[in-house]
Amino acid sequence: LYLNPNHTVKIEVLPSDKLVEKADLFVGGDKLTAIFRPIRTNTFVDSLSKFFFDEFYSRHKDEQLSISEALQTAIHAHNVSQLNFMGEPKSAPESGAMLLIAYHSPQGEFTIAQVGDITLKQRQNGRFTALTEDHTFHNPLEVERLTTFLKNSGTTASAESVINAVATDEGFTDTIPSRFIGHPSWCAWGGDYGEAIINTQPFITTFSVQTKEI
């Protein structure tokens, strides 16, 4: 999916992903593109695709947060909402979501927020280069981040044992995501409903593109 007319920025979309695009959201000529990738079921993705944009709009327009701050706050709000599902966290559906939100200003500036392994690439010097992060445990940096978390929390379990537990207990048999938002047993908030081993912190960055590629 190309995000700009000269095809220099693209997102790699899977058939199971849910795509939502909105134009002229804040000003004429801007565009918001959202990719929601389901974990286990589509329940949380369906909810996000309906309600995320009103939350983001209000955070930026009403609270006057910057685009990046509004994206981060809106993502956090939806994760907390799921963790406190209708006041009964244990009743939350077995569902989660990875996401990539890309806001494109009329001036050609992109602000992206990513939770998961959805990839955005920009054409640089004739080739496409990924600007997003790999939030799976295939990425050694994610294993290091988990190791640091376990050490700081005083847990004696190794990162490898925790990753294996996620794979066997939750049924992730292929690529195990280290970041997504959703069910309390996966994405615990404050450690109240799980071990908080899934990192929900989004990767956020801003970059500019030229009107015409050189």
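A word on the confidence of the model for the protein. The predicted model of the protein averages 86 in pLDDT, with 90% of residues at 70 or higher. Mean pLDDT across the elements of the protein bottoms out in helix α4 (residues 159-170) (76) and peaks in strand β5 (residues 109-115) (96).

Below, the discussion takes up the pairing of strand β3 (residues 31-39). Burial within β3 is extensive, with eight of its nine residues counted as buried. Sheet analysis places β3 next to strand β4 (residues 96-104), joined by nine bridges and oriented antiparallel. Within β4, the position partnered with Ile39 by the bridge is Gly96.

With 24 residues, the main nonpolar core has Phe36, Leu48, Phe52, Phe56, Leu99 and Ile101 as its most contacted residues. Contributions of two or more residues to this core are made by β3, α1 (43-61), α2 (67-83), β4 and β5. Sequence-distant contacts of Leu48, that is, excluding residues within four places in its chain, are made with Phe36, His78, Ala97, Leu99 and Ile181. Counting residues in each nonpolar core, the second largest holds 19 residues, with Leu100, Ala102, Phe110 and Ile112 among its members.

Moving on: the pattern of salt bridges. Overall, the coordinates contain 11 salt bridges when judged by the stated rule. In this structure, Glu94 engages Arg40 in a salt bridge whose closest nitrogen and oxygen atoms are separated by 3.8 Å. Note that Glu94 is positioned in the loop between α2 and β4 and Arg40 in the loop between β3 and α1, a separation of 54 residues in sequence. For Arg40, a relative accessible area of 45% corresponds to the partly exposed category. Linked by salt bridges that have partners in common, Glu133, Glu142, Arg145 and Arg179 make up one network.

All right, on to the environment of Leu83 then. Position of Leu83 relative to the elements: it lies in helix α2. Residues Leu83 and Ser185, spaced 102 residues apart in sequence, show a C-alpha to C-alpha distance of 8.7 Å.

The subject of this paragraph is the sheet that holds strand β6 (residues 120-124). Strand-to-strand pairing in sheets goes through backbone hydrogen bonds, with the strands running parallel or antiparallel. Taken together, the three strands give an open sheet; going across it, the order is β1-β6-β7, and neighbouring strands pair in antiparallel fashion. Edge positions in the sheet fall to β1 (9-11) and β7 (127-130), since each of these pairs with one other strand and no more. The mean angle between the axes of side-by-side strands here comes to 35°, regardless of whether they run parallel or antiparallel. Alignment of β1 against β6, held across three bridges, turns out to be antiparallel. Looking at β6, one finds that Val9 is bridged to Gln122.

Enumeration over the complete set of coordinates arrives at nine aromatic pairs. Ring centres of Phe52 and Phe56 lie 6.4 Å apart, and the angle between their planes is 15°; this geometry places the pair in the stacked category. Here Phe52 and its partner Phe56 are both found in helix α1, four residues apart, which amounts to about one turn of the helix. We classify Phe52 as buried; its relative accessible area is 0%. Accessibility expressed as a relative area gives 0% for Phe56, which makes it buried. Ring pairing ties together the aromatic residues Phe26, Phe36, Phe52, Phe53, Phe56, Tyr57 and Tyr103, which thus form one cluster. Geometry around Phe128 places Lys10 over its ring, the cationic atom sitting 4.3 Å from the centre. One residue, Lys22, lies across the ring of Phe53, its end atom 5.1 Å from the ring centre.

Quick notes on the rules
- Residues numbered from 1 in each chain as written.
- Predicted model: local features only at pLDDT ≥ 70, side-chain atom pairs only at ≥ 80, totals over all residues.
- Heavy atoms only, no water.
- pLDDT = per-residue confidence, 0-100.
- Helix = DSSP H or I, 4+ residues; strand = E, 2+ residues; numbered from the N terminus.
- Buried < 20%, exposed > 50% of the residue type's maximum accessible area, 1.4 Å probe, protein only.
- Pairing = 2+ DSSP bridges.
- Core = buried A, V, L, I, M, F, W, Y, C linked by side-chain atoms within 4.5 Å.
- Contact = heavy atoms within 4.5 Å.
- Salt bridge = Lys/Arg side-chain N within 4 Å of Asp/Glu carboxyl O.
- Axes fitted to C-alpha atoms, helices over the stretch in contact; angles between N-to-C directions.
- Phe/Tyr/Trp six-rings, centres within 6.5 Å; stacked < 30°, edge-to-face > 60°.
- Lys NZ or Arg CZ within 6 Å of the ring centre and 35° of its normal.

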